[in-house]
Amino acid sequence: MSKINLSLIKELRNRTGVGITTCKSALLQSNGDIELAIQNLRIIGKIKASKKSINAVNSGIILAKMSLEKDFVAMLQLSCETDFVSREQNFLNFGQNIIQYVVNNKIDDLNFIQKKYEEKRIEILSKLGENIQITKLSTLVSSQLDYYLHNNRIGVLISLDGEKNNKKLIHDLAIHIAASNPEYINQEDIPKDIIEKEKKIQFKIIKKSTSPRKLMEKIISARINKFIDDIVLTKQQFIFDQTKTVYQVLKENNMIIKKFVRFELNK
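The present account deals with the structure reproduced in this document. (Residues numbered from 1 in each chain as written. Predicted model: local features only at pLDDT ≥ 70, side-chain atom pairs only at ≥ 80, totals over all residues. Heavy atoms only, no water.)

### Quick look at the side chain of Asn131
When you line up the elements, Asn131 lands in the loop between helix H8 (118-128) and strand E3 (133-141). Polar side-chain contacts of Asn131 include one of 3.0 Å to the side chain of Gln133. (Helix = DSSP H or I, 4+ residues; strand = E, 2+ residues; numbered from the N terminus. Polar contact = N/O pair within 3.5 Å; in protein donor to acceptor, adjacent residues only side chain to side chain.)

### Describing the environment of Leu157
Along the chain, the position of Leu157 falls in strand E5 (residues 154-162). Along the chain, Leu157 and Tyr147 lie 10 residues apart, while their C-alpha atoms are 4.5 Å from each other. With residues up to four places along the chain from it excluded, the contact list for Leu157 reads Ala64, Val73, Ala74, Met75, Ser138, Thr139, Leu140, Asp146, Tyr147, Lys259, Phe260 and Val261. (Contact = heavy atoms within 4.5 Å.)

### Some remarks on the pattern of salt bridges
Summed over all chains, the structure comprises 11 salt bridges. The shortest N-O distance in the salt bridge between Asp172 and Lys168 comes to 2.8 Å. Here the residue Asp172 and the residue Lys168 both occupy positions in helix H9 (residues 167-180), the gap between them amounting to 4 residues, near one helical turn. Residue Asp172 is classed as buried on the basis of its relative accessible area of 10%. Its salt-bridge partner being Lys244, residue Asp241 comes within 3.9 Å of it at the nearest N-O pair. By relative accessible area, Asp241 is classed as partly exposed at 25%. Note on Lys244: relative accessible area 24%, which makes it partly exposed. (Salt bridge = Lys/Arg side-chain N within 4 Å of Asp/Glu carboxyl O. Buried < 20%, exposed > 50% of the residue type's maximum accessible area, 1.4 Å probe, protein only.)

### Things to note about the packing of helix H6 (residues 89-105) against H8
The interhelical angle for the contact between H6 and H8, taken along N-to-C directions, is 165°, at an axis separation of 10 Å. Classed by the angle they form, the pair H6 and H8 counts as roughly antiparallel. The handedness of the crossing between H6 and H8 is left-handed. Listed contacts from H8 to Asn90, Phe91 and Phe94 of H6 are Lys120, Arg121, Ile124, Lys127 and Leu128. Within the contact of H6 with H8, the residues separate by chemical class into 4 nonpolar, 1 polar and 3 charged. (Axes fitted to C-alpha atoms, helices over the stretch in contact; angles between N-to-C directions. Parallel < 35°, antiparallel > 145°, perpendicular 65-115°, else oblique. Left-handed = near helix turned anticlockwise from the far one by under 90°. Nonpolar A, V, L, I, M, F, W, Y, C, P; charged D, E, K, R; others polar.)

### Description of the packing of aromatic side chains
For the coordinates displayed, the defined rule picks out 3 aromatic pairs. Ring centres of Phe94 and Tyr117 lie 6.1 Å apart, and the angle between their planes is 70°; on these two criteria the pair is classed as edge-to-face. Within this pair, whereas Phe94 is found in helix H6, its partner Tyr117 is found in the loop between helix H7 (110-116) and H8, the two being separated by 23 residues in sequence. Here Tyr101 and Tyr117 contribute two aromatic rings whose centre-to-centre distance is 6.0 Å and whose plane-to-plane angle is 75°, an arrangement assigned as edge-to-face. (Phe/Tyr/Trp six-rings, centres within 6.5 Å; stacked < 30°, edge-to-face > 60°.)

### Structural notes on the sheet that holds strand E2 (residues 72-80)
A sheet is described by the order of its strands in space; here 3 strands give the open sequence E1-E2-E3, paired in antiparallel fashion. Each end of this open sheet is capped by a strand with a single partner; those strands are strand E1 (59-66) and E3. Mean inter-strand twist for the sheet, computed between neighbouring axes without regard to direction, equals 15°. As paired elements, E1 and E2 share 8 bridges and run antiparallel to each other. Pairing of Leu63 across the sheet is with Leu76, part of E2. (Pairing = 2+ DSSP bridges.)

### Details of the nonpolar core
Most often, soluble globular proteins have nonpolar side chains that are buried together. Counting residues in each nonpolar core, the largest one holds 22 residues, and the members touching the most others are Phe91, Phe94, Ile98, Ile113, Ile132 and Ile134. Of all elements in the fold, only E1, E2, H6, H8 and E3 reach the threshold of two or more residues within this core. Element by element, the count of residues in this core is highest for H6, at 6 residues. Counting residues in each nonpolar core, the second largest holds 21 residues, with Tyr148, Leu160, Leu173 and Ile175 among its members. (Core = buried A, V, L, I, M, F, W, Y, C linked by side-chain atoms within 4.5 Å.)

### What about H9?
In this model H9 runs 20 Å from its N-terminal to its C-terminal C-alpha over 14 residues, within 8% of the 20 Å that 1.5 Å per residue would give. Along H9, the residues that are buried comprise Leu169, Ile170, Asp172, Leu173, Ala174, Ile175, His176, Ile177 and Ala178. Elements in contact with the buried residues of H9: strand E4 (145-150), E5, strand E6 (237-238), helix H12 (246-252) and strand E8 (255-264). In the stretch just after H9, Asn181 is the one whose phi turns positive, near 50°. (Expected span 1.5 Å × (residues − 1).)

### Comments concerning the environment of Glu217
Along the chain, Glu217 falls in helix H11 (residues 213-231). When the C-alpha atoms of Glu217 and Ile206 are compared, they prove to be 9.9 Å apart, with 11 residues separating the residues in sequence.

See the structure below:
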């Protein structure tokens, strides 16, 4: 049988949860016999793998790699169910193969990567007996880039403008972002509704206070400033020199952070 009715493919997909391409192939092999196709899929482990794909993925690894030209850097999160599988060699090799392909071809499309590696994902999933998902992908393009990985559980990409010979500082900034978890580069980057929401929270916290209103306003203002300092990169104390903020360090070195991306497992 050279052609398979689309409705038959959809029926097999609905009954098994297996991908359309695999369903079509199974139906071709069974000459359109859907029950035989299901049986064959069970034999090769495809249905088992599909059912595993709904399990929660709370572990995994974060990988990063830079192009040979140093103008493209990528970061990938590959997720699984347990720490045990996150250390398994087949799982690790799968992640390394993906990140290498991403960098070699300078791809910034998670959906494309997920589709390209779907068959291999199912193969590894069936072999290891756990759900495996290509969860996140991020890339940066610039003449000044770096990345930092902490135990493959936290990853940071960073791009800058400025002094090109200060590679150590760029790397230190990536480490700082990994450790301090900022959400924005500058205060102006914070959406206004985020600040307003925090003000309402702080007001509710102290509204039962008997302190004078002016004092309460000062307390709220101080707490908002602290909130901003915690989430804005340039306002944070630089972890390698606590006497200076990140802004001061950047200014002293004529550098500007253009963008950063931070991944952390389970976040």
